[in-house]
Amino acid sequence: MHPMLNIAIRAARSAGSVIARAFENTDKVSVESKGSNDIVTNIDLEAEQIIIDTLLKSYPEHSIVSEERGVIEGTNPDYQWIIDPLDGTSNFVKGIPHFAVSIALKVKGKLDQAVIYDPIRGELFTASRGNGAQLNSLRVRVQAHKEVAGTILATGFPFKQKASTDAYLEMFKTLFLKTADIRRAGCASLDLAYVAAGRVDGFWELGLKPWDTAAGELMVIEAGGLVTDLMGGHNHSKSGNIVAGSPRLLKEILTDIRPHLTPAMKL
Ligand code: IPD
Ligand code: CA
Ligand code: CA
């Protein structure tokens, strides 16, 4: 195993233990609002600190981009960790056992290592560039669906940017009428990990952040899928608008949603 993946797994497991313990004892969880429909808890911050300390202990020269702490510049700009210490905070706060720790490493701007850890189920999704994607060390593959008909897609609602509701609902309607069903589970990193593991066939969401998607993107690619923006390009880490699935499925999803894109979504 790549040594940097090993350290990322150690960080994700340590953070995951703190999160799982707090989930059992919610008296110790305090919630604060950090924006419109956007919350953070003391556990997000505690988990984040553990991850940052673990990574910087082994790699003090690396850079970090983390949801709550922001950017920590390292002396070696070639290595950048992208961290969501607790993806699915709303689920966590509501007592819904579906959230994850998400950690990705970019080397010279390219996704290189990824870990998504679900501390409730004990499921560890990993990926290394060129070495495939695994769930608890067993190889996973994206479902090779050729068409949207009969699939189960995952999605997220644009609850932080409600101005996109109409466009989103048009996309939803077009896809929903063709699919077998659609899931909205509330944790984007696990949505992408589940695409990689073939548990859902594809995924799309608007307005995500790099820490929501970086690890999941490598996971899907290493599992034989594709990840693009809403136009089929590679602007998703900037726009936050993302589509994932097998190459054939993704192509059809893009064709289906295209008529509903606002001008801003085409950038
Ligand atoms: C959120 C979750 C959710 C997605 C949101 C994300 P957070 O992350 O991934 O599924 O719909 O857009 O912001 O805030 O819980 O880390
Ligand atoms: Ca997130
Ligand atoms: Ca988060």
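Since this is a predicted model, take the numbers as computed values, not measurements. (Residues numbered from 1 in each chain as written. Chains lettered and ligands numbered in written order. Predicted model: local features only at pLDDT ≥ 70, side-chain atom pairs only at ≥ 80, totals over all residues. Heavy atoms only, no water.)

### Considering the packing of aromatic side chains
According to the stated counting rule, one finds 10 aromatic pairs in the structure shown. One aromatic cluster is present, built from ring pairs that chain together F157, Y168, F172, F176 and W204. Positioned above the aromatic ring of Y194 is the side chain of R199, whose terminal nitrogen or guanidinium carbon lies 4.8 Å from the ring centre. (Phe/Tyr/Trp six-rings, centres within 6.5 Å; stacked < 30°, edge-to-face > 60°. Lys NZ or Arg CZ within 6 Å of the ring centre and 35° of its normal.)

### A few points about the side chain of Q113
Along the chain, Q113 falls in strand β7 (residues 110-118). Here Q113 falls in the buried class, since its relative accessible area comes to 3%. In contact with Q113, not counting residues within four places along its chain, are H2, L5, I103, A104, L105, A127, S128 and L218. (Helix = DSSP H or I, 4+ residues; strand = E, 2+ residues; numbered from the N terminus. Buried < 20%, exposed > 50% of the residue type's maximum accessible area, 1.4 Å probe, protein only. Contact = heavy atoms within 4.5 Å.)

### Digging into the coordination of the calcium ion (ligand 3)
Summarising the metal site, the calcium ion (ligand 3) is bound by the protein donors E67 (OE), D84 (OD) and L86 (O), whose distances to it range over 2.2 to 2.4 Å. Read in sequence order, the donor residues coordinating the calcium ion (ligand 3) give the pattern E-x16-D-x1-L. Between the two metal centres, the calcium ion (ligand 3) and the calcium ion (ligand 2), the spacing is 3.7 Å, with D84 acting as a shared donor. One end of the pair, E67, is in the loop between β3 (63-66) and β4 (70-72); the other, L86, is in strand β5 (residues 79-87), and 19 residues separate them in sequence. No difference in accessibility class separates E67 from L86, as the two residues are buried. (Donors = N, O, S within 2.8 Å, 3.2 Å for Na, K, Ca; no water.)

### Observations regarding the sheet that holds strand β11 (residues 152-155)
The strand order across the open sheet formed by five strands is β12-β11-β13-β15-β14, and the pairing between neighbours is mixed. Each of the sheet's edge strands pairs with one partner strand only, and the pair in question is β12 (181-183) and β14 (226-228). Across the sheet, the mean angle separating the axes of adjacent strands is 20° when strand polarity is ignored. As defined by bridge partners, β11 adjoins β12 across three bridges and the pair is classed as parallel. Within the sheet, the bridge partner assigned to L153 lies in β12 and is I182. This element, helix α6 (residues 210-222), spans β14 and β15 (242-245) of the sheet and lies at about 140° to β14. (Pairing = 2+ DSSP bridges. Axes fitted to C-alpha atoms, helices over the stretch in contact; angles between N-to-C directions.)

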